[in-house]
Amino acid sequence: MDTNQAKKRIGKLRKEIEGLRYRYHVLDDPKVTDDVYDSLTRELKALEAEFPGLVSGDSLINRVAGKPLEKFVKVPHKVRMLSLNDAFSKAELKDWEKRIRKLLDVGADLIRPTGGKMGSSPTGRRVGQFFKMSNQLNYFCELKLDGLAVSLIYEKGLLIRGATRGDGFVGEDITQNLKTIKSIPIKLNQPFPEYVEVRGEAVMAKKVLDALNKKQAAEGKVLFANTRNAAAGGLRQLDPKLAAERNLDFFAYDVVSVGGGLDRSLQNHSDKHDLLRTLGFKVDEHEAVCKDLDEVGKFVDKIEKLRPDFPFGTDGVVVSVDDLALQTILGVVGKAPRYMVAYKYPAEKATTIITNIFFNVGRTGVLTPVAMFEPTLVAGSTISKATLHNMDQIDRLDIRVGDTVVIQKAGDVIPEVVEVLVKLRSGKEKKVKAPEKCPVCGGGVKRRGVGEGFKPSQKKDGLEAHPYTGMSSVAFYCVNPKCPAKNSRGMQHFVSVLDIYEIGPKILDRLQEEGLISDAADLFTLKKSDLEGLERFGAKSAENIIKSINDHRKISFPKFIYALGILHVGEQTAEDLAVSFATLDKLIAASVEEINNIENIGPVVSQSVYNYFHAQENLKFVKKLLDNGVVIESQRLNVEGQRLQGRTFVITGSLETMSREAARAKIKELGGKTSESVSKQTSYVVVGKEPGSKYNKALELGVEILDEQRFLELIR
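Quick notes on the rules
Residues numbered from 1 in each chain as written. Predicted model: local features only at pLDDT ≥ 70, side-chain atom pairs only at ≥ 80, totals over all residues. Heavy atoms only, no water. Helix = DSSP H or I, 4+ residues; strand = E, 2+ residues; numbered from the N terminus. Buried < 20%, exposed > 50% of the residue type's maximum accessible area, 1.4 Å probe, protein only. Areas by Shrake-Rupley, 256 points an atom, 1.4 Å probe, with all protein chains shown as cover. Pairing = 2+ DSSP bridges. Axes fitted to C-alpha atoms, helices over the stretch in contact; angles between N-to-C directions. Contact = heavy atoms within 4.5 Å. Core = buried A, V, L, I, M, F, W, Y, C linked by side-chain atoms within 4.5 Å. Phe/Tyr/Trp six-rings, centres within 6.5 Å; stacked < 30°, edge-to-face > 60°. Salt bridge = Lys/Arg side-chain N within 4 Å of Asp/Glu carboxyl O. Parallel < 35°, antiparallel > 145°, perpendicular 65-115°, else oblique. Left-handed = near helix turned anticlockwise from the far one by under 90°. Expected span 1.5 Å × (residues − 1).

Helix and strand counts for the protein chain stand at 25 helices and 30 strands. Within the protein chain, the fraction of its 716 residues that count as buried is 50%. When the accessible area of the protein chain is evaluated, it comes to approximately 35,100 Å², of which 50% is carbon and sulfur surface.

What follows is the structure in structure tokens.
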């Protein structure tokens, strides 16, 4: 991306983010979730970092929020209400620590070891060179609750004002509404300071939201998307009675200003939490003082496992430098403190740019559009494609190649595109045309199905709804009855020959129905993220499937031929073809006569092999296998000089020291061949216990018979 392109993209991003910010902070009507907002903001940050000359003084990145609503009285904050910088991985936490350690090494030199203004923290404590002496950083971890940040001011123990964050400098006076929250004390416990400003999060419990939405539905009103929206909306009601109906809760998390001598007793951020509890505030119990980032990581992992069962919504963990004196040295930059960061758990939504749209063919012939996009982290995994279901979905969302879109991956939902951010279009986006030919076989395509508004279990005009989206199956179909993509048995044969035991018939059918594969070659493009969002697919099962596929990318030439499923070509014939032609190119170029000259291969089989490699759809499939990473291993010559070369073995009866399959493999390893029938060309018949009619045939034809002991001597 050049400077001119970056300038245009940054301009569009700033405009879009400003609109989302206004809806979220001012109108309390967010158009998209925090996940999407964060994703766009991260892109803007990255572009501004790459092109610093394009950063302006009013960059949206340096703002905290929107303007306060006119319906409330505006009140200034004595201490600015800040937002937090985010970390989305433990690696980003380590980067944050490196930055603050560097700043602390420099900052400690600026602090006098004896009193004075430079040497005093907000608590009045002298800090001097103690950080350089100990080099110790303790961290305080607490939940990042999903609600509305508010400020509470108490004088002589009484609540005199409560306000929203607003733009960080000026908020909205919502004191009367906050008083309806029972967990906010109107009067503090004694002994209380003369003055104190407390900050915390107004939240709504998940069960309260469920009850509220049931009431909204019964009254025909719009449902609330999440607890944060419902909590924020409740606190912005002009009538306190309406606010009281929301049954909100409050958790305190900071003391930003305190008088009456209590300030000198606060040495750490954790001390503030102790003071808040003493004063009568509700403070979430999930917190910890950690001696290093390893302990922080353990706390983060612990909360990730517990958070689905929390009564309140939380999207991360706030990590702070615990020592308040060190916080003073670190200070604030832009919109956020340097001494504090919000570790956010993987988002379930994100934004990305569609780079291509192609069509996969299912086992019933339905053509499913699939979007390819820049690899994007969503819900803990990096995904690069998502189903678009059908052309109706593309038309409904007006999806185009080059669009910036919102993608979603949550719960049992596979990755999908849920929204197009049309304001970010450059004008170069390309519309998607319905396919005129099948992308697999080149056959004709027809549009089938009419009807809408029926459930997945219902049919209308003989048409079933999509089993996972509930959408009617109005789609384009390949009408060629011989289309390879419709041959589910062919795919089953392929994975069976390659011993990919993790993939059974039902899984193959499901992958086709979701548009993830059209043929066996597509299996080698799958990633873990493509599978783990499918219904009844967990992360472990997805991991096992992908590992099994990758473990079987390398395949012997005989097995490759056999896996293709050529009519009349079994395992032994595939072996004979591989030995005779040695390479795939030679086999493809072989004439019917050349194939027919191979021992044990007759004219019917020869014609079938020739026809297979002279059909364009088959050659296209073979090339696709190779392009997708399948490797045909060359035949390895045995160091013993292929001492069984030219000899043909037939095995009958059961062997005691090895299975018949193992015996055949050993014969092939030493250059020999195996056959299922006895003829004059047979070199040996190996006889085990309870031999069948092949033993009698060998006696009749005078073929040499080997018992198991003699056979073992021959192959050792």
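Once that is clear, we can look at the sheet that holds strand 9 (residues 287–290). With mixed pairing, 5 strands are arranged side by side in an open sheet as 2-13-10-3-9. This sheet does not close on itself; its edge strands, each paired only once, are strand 2 (85–87) and strand 9. Averaged over all pairs of adjacent strands, the angle between their axes in this sheet comes to 30°, without regard to strand direction. Bridging between strand 3 (residues 139–145) and strand 9 involves 4 bridges; their strand directions are antiparallel. Bridged to Glu-142 within strand 9 is Glu-287. Along the sheet, helix 9 (residues 269–279) contacts strand 3, strand 9, strand 10 (314–321) and strand 13 (340–344); its crossing angle with strand 3, the most-contacted strand, is approximately 55°. In this fold helix 10 (residues 293–306) packs onto strand 3, strand 9, strand 10 and strand 13, with an angle of close to 25° to the strand it touches most, strand 3.

Before going further, it helps to examine the nonpolar core. Core analysis: the biggest nonpolar cluster contains 67 residues, and Tyr-139, Leu-235, Phe-281, Val-296 and Val-321 have the highest contact counts within it. Within the second largest apolar cluster, 48 residues are counted, among which are Val-495, Ile-545, Val-569 and Phe-621.

In this section: the packing of aromatic side chains. What describes a pair of aromatic rings is the distance from one ring centre to the other and the angle between the planes of the rings. In total, this model carries 9 aromatic pairs according to the counting rule given. Seen from their ring centres, Tyr-612 and Phe-613 are 5.1 Å apart, and the 80° between their planes marks the pair as edge-to-face. For Phe-613, a relative accessible area of 2% corresponds to the buried category. Plain terms: the ring middles of Phe-649 and Phe-711 are 6.2 Å apart, the flat faces sit at 65° to each other, and that makes the pair edge-to-face. Of the two residues, Phe-649 sits in strand 27 (residues 648–652) while Phe-711 sits in helix 25 (residues 708–715), which places them 62 residues apart along the sequence. Among the aromatic residues, ring-to-ring pairing joins Phe-494, Phe-524 and Phe-621 into one connected group.

Gln-190 connects to Pro-191 through a cis peptide bond whose omega is -5°. Structurally, the position occupied by Pro-191 is in the loop between helix 5 (175–178) and strand 7 (195–203). Positive phi, normally seen in glycine, also occurs at Asp-499, with a value near 60°. Classification of Asp-499 as partly exposed rests on a relative accessible area of 26%. At His-568, a residue that is not glycine, the phi angle is positive and equals roughly 75°. Within the secondary structure, His-568 is located in the loop between helix 17 (557–563) and helix 18 (571–581).

Attention now moves to the sheet that holds strand 30 (residues 704–706). Read from one edge to the other, the open sheet built from 4 strands follows the order 28-27-29-30, with strand pairing classed as parallel. Since the sheet does not close on itself, it has two edges, and those belong to strand 28 (673–674) and strand 30, each with one partner. Sheet analysis places strand 27 next to strand 29 (residues 684–687), joined by 4 bridges and oriented parallel. Residue pairing for strand 29: Val-650 is matched across the bridge by Val-685. Taken strand by strand, helix 24 (residues 693–701) contacts strand 27, strand 29 and strand 30, and its axis lies near 135° from that of strand 27. Each of strand 27, strand 29 and strand 30 is contacted by helix 25, which is oriented at about 95° to strand 30, the strand it contacts most.

To continue, consider the pattern of salt bridges. Pairs can form between side chains of opposite charge whenever their charged atoms are close. Inspection of the entire model under this criterion finds 31 salt bridges. Among the ionic pairs, Asp-398 bridges to Arg-400, the shortest N-O distance being 3.2 Å. The exposure class of Asp-398 is partly exposed, given its relative accessible area of 28%. Judged by its relative accessible area of 19%, Arg-400 is buried. For Asp-551, the salt bridge is made with Lys-547, and the minimal N-O distance between the two is 2.8 Å. A residue pair is termed a helical-turn pair when its members lie 3 or 4 positions apart in one helix, as Asp-551 and Lys-547 do in helix 16 (residues 539–551) at 4 residues. In the salt-bridge network here, residues are joined through shared partners; they are Asp-38, Asp-86, Lys-144, Asp-315 and Lys-344.

Right, let's talk about the pairing of strand 4 (residues 148–155) for a bit. Counting buried positions along strand 4 yields 7 of 8 residues, so the element is predominantly enclosed. Judged from the 8 bridges that link them, strand 4 and strand 7 form a sheet pairing that is antiparallel. Its bridge partner being in strand 7, Ser-151 is matched across the sheet by Arg-199. Strand direction decides the pairing type here: strand 4 and strand 5 (residues 158–164), joined by 6 bridges, are antiparallel.

On to the side chain of Arg-9, then. When you line up the elements, Arg-9 lands in helix 1 (residues 3–25). Setting aside residues up to four positions removed in sequence, Arg-9 forms contacts with Glu-43, Leu-47, Ile-353, Thr-404 and Leu-424.

We now examine the packing of helix 13 (residues 488–497) against helix 14 (residues 505–513). Look at helix 13 against helix 14: their axes get within 10 Å of each other, and the N-to-C directions meet at 125°. By the angle between their directions, the pair helix 13 and helix 14 is classed as oblique. Helix 13 and helix 14 meet at a crossing whose hand is right-handed. Between helix 13 and helix 14, the contacting residues are Ser-488, Met-491, Gln-492 and Val-495 on the first element and Pro-505, Leu-508, Asp-509 and Gln-512 on the second.

Mapping Pro-240 onto the fold places it in helix 8 (residues 240–244). Assessed through its relative accessible area of 30%, Pro-240 is described here as partly exposed. When the C-alpha positions of Pro-240 and Leu-178 are compared, they lie 8.5 Å apart, and in sequence the two are 62 residues distant. Not counting chain neighbours up to four residues away, the residues in contact with Pro-240 comprise Gln-176, Asn-177 and Thr-180.

It is worth spelling out helix 6 (residues 206–218) at this point. Taking 1.5 Å of rise per residue, the 13 residues of helix 6 would be expected to cover 18 Å, and the 19 Å separating its terminal C-alpha atoms lies within 8% of that figure. The inward-facing, buried residues of helix 6 contact helix 7 (227–235). Looking one or two residues beyond helix 6, the residue adopting positive phi is Gly-220, at roughly 70°.

Turning to the pairing of strand 10, a few remarks are in order. Along any regular strand the residues' side chains alternate between the sheet's two faces. In terms of residue burial, strand 10 counts as a mostly covered element, since 8 of its 8 residues are buried. As defined by bridge partners, strand 3 adjoins strand 10 across 7 bridges and the pair is classed as antiparallel. Directly across from Cys-141, in strand 10, lies its bridge partner Val-319. In terms of strand pairing, strand 10 meets strand 13 through 5 bridges, oriented antiparallel.

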